[in-house]
Amino acid sequence: MKNTAPCTSDISLSPHGKRLGSLLHDENLHTLRGRKKVQHILTYYKFPLALICLIVFFAGRIIYGHLTCKETLLYTALVNVNAGETLTRQLGEDFITYLNTDESDSELQLYTGLYLTDDELNEWHEYTYASRMKILAAIEGKMLDVVLMNREAFDAFSQSGYLLDLEDFLASRDVDLYQTLKPALVANIVILEDHADDMATDAGLTYKAITEERYFGLDLSGATYIRQAGFEDTVYLGIIANSPRGDTVVQYLQYLSLAESPSPAGQLPYAYKIKCLLSQSS
């Protein structure tokens, strides 16, 4: 009679199950299989698993954000200027297209919804304080290069010393562009010194200030995109004094000036007439 091997009820475990059981120091994971093992893990290890899932989720978001992060080529703000969808696209996305850069890697940051006014009857007056804080933070962080604004905002930026002298800026950067835009340059004052603080404690003082006049603004009334938008009041362009993106600012000025038929960046044709670009001062 042949000898037969005794039957055994030992359960064969995969190497992965053994390693998992050893790692968690749970002997049940050595013996349970299939659905029972899954139920055991969900019952006793749901919180560690949830923690692991959260870590993986946030790590994935960080990695995704890093891989999809765009380089901001220019920071532009509209102050006391309400732009429609078309003008918003023209001032932002279309400029990136004009530069012939990869739109998936580059962008223009356009700040909107900013208002500065001392007129308490103005419907936007309640937004002035919040707008001022945002603007100051952007300037301090060097995250504001160009401002498109109405006269009241232009006066505020100019008098506070936040704007570059466009005459000096353009003459040193691009002489041809300076000659083209010169008729549209607008002078304003910067307050170098005053005693406004003293007036707060002495109401009898008369306000006096030492000022200087420079060309801090560019009249955009005749620029194609601005003209097509149909603004009733003049729109001015100013360049923030501490902007670190001067070369891109020059390209932006070229782009706005050549809105009807822009050529590739860096290839500005100067043979056209100024009256085709900007209206003559009255």
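Section: the overall build of the protein chain
Each helix and strand in the protein chain was counted, giving 13 helices and six strands. Of the roughly 17900 Å² of accessible surface on the protein chain, a fraction of 53% belongs to carbon and sulfur atoms.

Considering the pattern of salt bridges
Per the counting criterion, the structure on display carries seven salt bridges. Across the salt bridge formed by Arg 245 and Asp 145, the nearest N and O atoms sit 2.8 Å from each other. Linking Arg 245 in the loop between strand E6 (236-239) and helix H13 (246-257) with Asp 145 in the loop between helix H7 (128-140) and strand E3 (146-149), this pair joins segments that are 100 residues apart in sequence. The network of salt bridges with common partners includes Asp 165, Asp 168, Glu 212 and Arg 214.

A few points about the sheet that holds strand E4 (residues 185-194)
In space, the six strands of this open sheet follow the order E2-E1-E3-E6-E5-E4, with mixed pairing throughout. Single-partner strands in this sheet number two, and they are strand E2 (106-114) and E4. Taken over all neighbouring pairs, the strand axes of this sheet differ in orientation by 30° on average, direction set aside. Relative to strand E5 (residues 209-219), E4 runs antiparallel, the two being bridged by nine bridges. The partner of Ala 187 across the bridge, within E5, is Tyr 215. Packed on one face of the sheet, H7 meets strand E1 (71-79) and E2 and runs near 150° to E2.

A closer look at helix H9 (residues 166-173)
Since the α-helix turns once every 3.6 residues, residues separated by three or four places project in the same direction. When we look at burial in H9, the residues that qualify are Leu 166, Phe 169 and Leu 170. The arc that holds the buried residues of H9, viewed along the axis, is 90°, so those residues lie on one side. Contacts made by the buried residues of H9 are with helix H10 (175-181), E4, E5, E6 and H13. A side-chain oxygen of the first residue of H9 lies 3.0 Å from the backbone nitrogen of Glu 167; this N-cap is Asp 165.

Re a negative patch on the surface
A grouping of Glu 71, Glu 93, Asp 102, Glu 103 and Asp 105 is seen on the molecular surface, where their side chains present a negatively charged patch. Here Glu 71 lies in strand E1. Using a relative accessible area of 52% as the deciding quantity, one classes Glu 71 as exposed.

Some words on the packing of aromatic side chains
Inspection of the entire model under this criterion finds 12 aromatic pairs. Between Tyr 115 and Trp 124, the aromatic rings sit 4.3 Å apart at their centres with planes inclined by 5°, giving stacked as the arrangement. Look at Tyr 115 and you get buried, because its relative accessible area is 8%. When the ring of Phe 157 is compared with that of Tyr 162, the centres are 6.3 Å apart and the planes differ by 70°; the resulting orientation is edge-to-face. The exposure class of Tyr 162 is partly exposed, given its relative accessible area of 29%. Aromatic ring contacts, followed pair by pair, group Phe 95, Tyr 98, Tyr 225, Tyr 252 and Tyr 255 into a single cluster. Cation over ring: Arg 151 sits above Tyr 236, and NZ or CZ is 5.5 Å from the ring centre.

A look at the environment of Arg 89
Within the secondary structure, Arg 89 sits in helix H5 (residues 85-91). Once the C-alpha coordinates of Arg 89 and Leu 110 are considered, the two residues, 21 residues apart in sequence, prove to be 9.6 Å apart.

Let's talk about unusual backbone geometry
Of note in this structure, Asn 80 is not a glycine but carries a positive phi near 60°. Among the structural elements, Asn 80 can be located in the loop between E1 and H5. Here Asn 100, not a glycine, exhibits a phi torsion of approximately 60°, which is positive. With respect to the helices and strands, the residue Asn 100 is situated in the loop between helix H6 (93-98) and E2.

Focus on the nonpolar core
Among the nonpolar cores identified, the biggest contains 36 residues, and Phe 95, Leu 148, Leu 218, Leu 237 and Tyr 252 are the most heavily contacted of them. Here the element with the most residues in this core is H13; it accounts for six residues. Counting 19 residues, the second largest nonpolar core, distinct from the first, contains Ala 77, Ile 135, Ile 139 and Ile 240.

Side note on helix H8 (residues 151-159)
Along H8, the residues that are buried comprise Ala 153, Phe 154, Phe 157 and Ser 158. Viewed end-on, H8 has its buried residues packed into an arc of 130°, placing them on one side of the element. Looking at the packing, one finds that the buried side of H8 touches E1, H7, E3, E4, E5 and E6. Taken from the residues just after H8, Gly 161 is the one with a positive phi, measuring 80°.

Cut-offs and rules
- Residues numbered from 1 in each chain as written.
- Predicted model: local features only at pLDDT ≥ 70, side-chain atom pairs only at ≥ 80, totals over all residues.
- Heavy atoms only, no water.
- Helix = DSSP H or I, 4+ residues; strand = E, 2+ residues; numbered from the N terminus.
- Areas by Shrake-Rupley, 256 points an atom, 1.4 Å probe, with all protein chains shown as cover.
- Salt bridge = Lys/Arg side-chain N within 4 Å of Asp/Glu carboxyl O.
- Pairing = 2+ DSSP bridges.
- Axes fitted to C-alpha atoms, helices over the stretch in contact; angles between N-to-C directions.
- Contact = heavy atoms within 4.5 Å.
- Buried < 20%, exposed > 50% of the residue type's maximum accessible area, 1.4 Å probe, protein only.
- Arc of directions from axis to C-beta.
- Polar contact = N/O pair within 3.5 Å; in protein donor to acceptor, adjacent residues only side chain to side chain.
- Patch = residues over 30% accessible without salt bridge, like charges linked within 9 Å, V, L, I, M, F, W, Y side chains within 5 Å.
- Lys, Arg positive; Asp, Glu negative; His and termini not counted.
- Charge placed at Lys NZ, Arg CZ, Asp CG, Glu CD.
- Phe/Tyr/Trp six-rings, centres within 6.5 Å; stacked < 30°, edge-to-face > 60°.
- Lys NZ or Arg CZ within 6 Å of the ring centre and 35° of its normal.
- Core = buried A, V, L, I, M, F, W, Y, C linked by side-chain atoms within 4.5 Å.

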